[in-house]
Amino acid sequence: MRKSIALLLAAATLVLALAACADTPTDGTDQTTDAAAESEETLYLDNIPEDLKYEGEDIVILNRALAGWTWDEIAVPELNSEPVNDAMFNRNVAVADRLNLNIVSSPIEDPNENLPIETIKRVVKGGSDEYDLVAAAVYVTTPAALDGTFYDLTKLEYLDLDQGYWMQEYNQAMSYAGSQHTATGVIALSTYRFAFVTMFNKLEFDNKSVPYLYEAVANNEWTLDYQARLAKDFYRDTNGNNKKDEGDFFGFASCSGINTDAYWASCDIPIVEKDPDGNYQYVLDVGYFSDVMDKVLYLFYDCGGTYLFPVMTNNVEQDELRIMFSKGETAMMTIRLVAVEQPDIRNMETEYGIVPVPKYSEEQKTGGTMIHDQFTVFAVPVSAAKHKLEMIGAAMEVMASESQKLVKPAYYEIALKRKYMSDPVAWDMLDIIFSDIHIDPAVTYVVPMGCPHQKMRSIVAGKKNTVSSQCAKLGKSVDKCISRMQKKLEKLADS
């Protein structure tokens, strides 16, 4: 079902209202004069000519619109007074107003993340120009890109991937020989929502007179060992049966599946990087990886205070983990940030805090943030109508810049920092979390690389450190994958 975004004059007024709301100071000062003095040069963040207008055509976007995941990234049906919903609506109104075109969402609500790409591949094979853009999970989109399904975005007029609203870490990882076939950034809220974080129950910390985790982060003490000690100390045999099981209170909860991905970034374990010539190379330090896994396995199985969910169909374990935390049955959990938008977390009676996922050790200089490999990226199918390519580039650019102007403030400043969270210190933690996003090509090119980042998942599921055996031939395997992948990338760049 397609949802067309009509150009409403009343909604256009709300664009300005929301932008003003996002810029309202919290210190009680009046910045009305400054806002009124805003120059025409700063009205738009992009470099699209103000007189660029099209003829009211549709830009049709095939997109994954899974409830609780990516339900509102492309379009929402109407205004409803929720800040993010209304910002999304008004973003598309602004794009329509500026370029005289319509953003039309063609959503796929099925939990199968492969469906959008399977659909677009059939469309391309059939030569249909039904869709102008596809917005889908990165790990299923990139293999299709290697097979020539998508247009080289660097050739689109008006699309400027160097702008700050496009994720530069992603561009650096994905561009090759001057070409790039997928892009993302603030245009896709999942690049924020799918970041892994640590949430903690402030009441439980208060009851045990334990300083909030903010202090450990500030003092460079927030490590896997630190979390393991807390997990053990917080555990309580609530049901009194002298064994750790459901009904007890746990110090920490996580999952043996996607949640373990977070440690690749937080513990700074690169798998694939680019060399000075821009070629991909396998760089995994197997010894260091093994050391990290010793600590992860101790936290999960041996510290005495962790509850670990198994992998469930359609990622249901993420819901179970979130529900456990919302019911006050664990002091800490690793979860994607999108959890704070769900009703059970929003309706919690006790307050929670948010910090990054812990580092390996205090000696580790930096700890980065991993975004779950299902974050959304945008691509243009090669079957898109050639006469629309200029318009598609302009639409992508304005969608991205208006997202920076409208959607990011509504989500990051209003919803996250004021609606979902009440702790100003946690707001600072969010800035830390998003200051160092790690994009590893082994994660964005999961399947073409042979799924090396899933080794951590399998090791955790096996409950013992098998790094040496699982990684004994990994380097040769990844090198072969890289060689095949780069041949495809070179062919795409040449064409």
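Since this is a predicted model, take the numbers as computed values, not measurements.

Pairs can form between side chains of opposite charge whenever their charged atoms are close. A complete count under the given rule lists 22 salt bridges for this structure. One salt bridge connects Asp132 with Lys388, and the closest N-O pair in it is separated by 2.9 Å. Taken together, the residues span a long stretch of sequence, with Asp132 in the loop between α4 (115–126) and β4 (133–137) and Lys388 in the loop between β13 (376–379) and α15 (389–420) at a distance of 256 residues. Each of the two residues, Asp132 as well as Lys388, counts as buried.

To continue, consider the nonpolar core. In this structure, Met199, Tyr263, Phe289, Met332, Tyr352, Ile354 and Met396 are the most contacted members of the largest nonpolar core, which totals 151 residues. Looking at this core, the element that brings in the most residues is α15, giving 16 residues. Not counting the four nearest positions on each side in its chain, Phe289 is found in contact with Trp264, Ile269, Leu284, Met456, Ile459, Val467 and Cys471. Within the second largest apolar cluster, 18 residues are counted, among which are Leu62, Ile117, Tyr131 and Val446.

In this structure the tally under the stated criterion is 3 cavities of 30 Å³ or more. In this structure, the largest cavity occupies an estimated 80 Å³ of space. If you trace the largest cavity, you find it lined by Thr142, Ala145, Leu146, Met174, Tyr176, Ser179, Gln180, His181, Thr182, Tyr445, Leu489 and Leu492. Counting only elements with at least two residues in the lining of the largest cavity, the list comes to α5 (138–146) and α20 (474–494). In terms of residue count, α5 provides more of the lining of the largest cavity than any other element does, 3 residues in total. Looking at side-chain class alone, the lining of the largest cavity contains 7 nonpolar, 5 polar and no charged residues. Reported here for the second largest cavity is a volume of approximately 50 Å³. In terms of lining residues, the second largest cavity is bounded by 11 residues, among which Asn63, Ala65, Trp71, Ala75 and Ser105 are the most central. In the lining of the second largest cavity, the residues fall into 5 nonpolar, 3 polar and 3 charged.

A separate point is helix α18 (residues 455–462). All of the buried residues along α18 are Met456, Arg457, Ile459 and Val460. Relative to the axis of α18, the buried residues are bounded by an arc of 165° and lie together on one face. Residue Lys463 follows α18 closely and has a positive phi angle near 70°.

Note on placement: Ile59 falls in strand β2 (residues 58–64). A sequence separation of 58 residues divides Ile59 from Ile117, and the C-alpha atoms of the two residues are 18 Å apart.

Looking now at the pairing of strand β11 (residues 352–355). Across the two faces of β11 the burial is the same, with Tyr352 and Ile354 and Gly353 and Val355 all buried. Here 4 bridges tie strand β5 (residues 196–201) to β11, and the two strands are oriented antiparallel to one another. Note on β11: the bridge partner recorded for Thr198 is Val355.

This brings us to the confidence of the model for the protein. With 92% of its residues at a pLDDT of 70 or more, the protein shows a mean pLDDT of 91. In this model, residues 1–41 is a region of pLDDT below 50 whose contacts with residues beyond four sequence positions or in other chains number 52 contacts.

A word on unusual backbone geometry. Even without a glycine there, the phi angle at Ser81 is positive, about 75°. Within the secondary structure layout, Ser81 lies in the loop between β2 and α3 (83–99). Under the relative-accessibility criterion, Ser81 is labelled exposed at 69%. Of note in the backbone geometry, Asn220 takes a positive phi value of approximately 60° without being a glycine. By secondary structure assignment, the location of Asn220 is in the loop between α9 (213–218) and α10 (224–234). With a relative accessible area of 32%, Asn220 lands in the partly exposed category.

Cut-offs used in this document
Along each chain, residues carry numbers from 1 onward, in the same order as the chain's sequence is written. Where totals are concerned, whole chains, interfaces and linings use all residues; where local detail is concerned, this predicted model gives features only for residues with pLDDT of at least 70, and gives and counts side-chain atom pairs only at 80 or more. The side-chain figures draw on all heavy atoms in the structure; neither hydrogens nor water molecules are used. By definition here, a salt bridge exists when the distance from a side-chain nitrogen of Lys or Arg to a carboxyl oxygen of Asp or Glu is within 4 Å. In DSSP terms, a helix is any run of H or I states spanning at least four residues, a strand is any run of E spanning at least two, and both are numbered starting from the N terminus. Between buried and exposed lies partly exposed: a residue is buried under 20% and exposed over 50% of the maximum accessible area for its type, with that area taken using a 1.4 Å probe on protein chains only. Side-chain atoms within 4.5 Å are what join buried Ala, Val, Leu, Ile, Met, Phe, Trp, Tyr and Cys residues into a set we call a nonpolar core. We call two residues in contact when some of their heavy atoms are within 4.5 Å. Throughout, the protein atoms alone are placed on a 1 Å grid, and a set of points is a cavity if a 1.4 Å probe fits but cannot get out or a pocket if it is open with protein on both sides within 12 Å along at least five of seven lines; lining residues have an atom within 4 Å of a point. Grid points are joined across faces, edges and corners, and a volume is the space filled by probe spheres set on the points. Only Asp, Glu, Lys and Arg are considered charged, only Ala, Val, Leu, Ile, Met, Phe, Trp, Tyr, Cys and Pro nonpolar, and every remaining residue, Gly among them, polar. By definition, the arc is the one covered by directions from the helix axis to the C-beta atoms. Pairing between two strands requires that DSSP report at least two bridges joining them. For every residue, the predictor reports its confidence as pLDDT, a number between 0 and 100.

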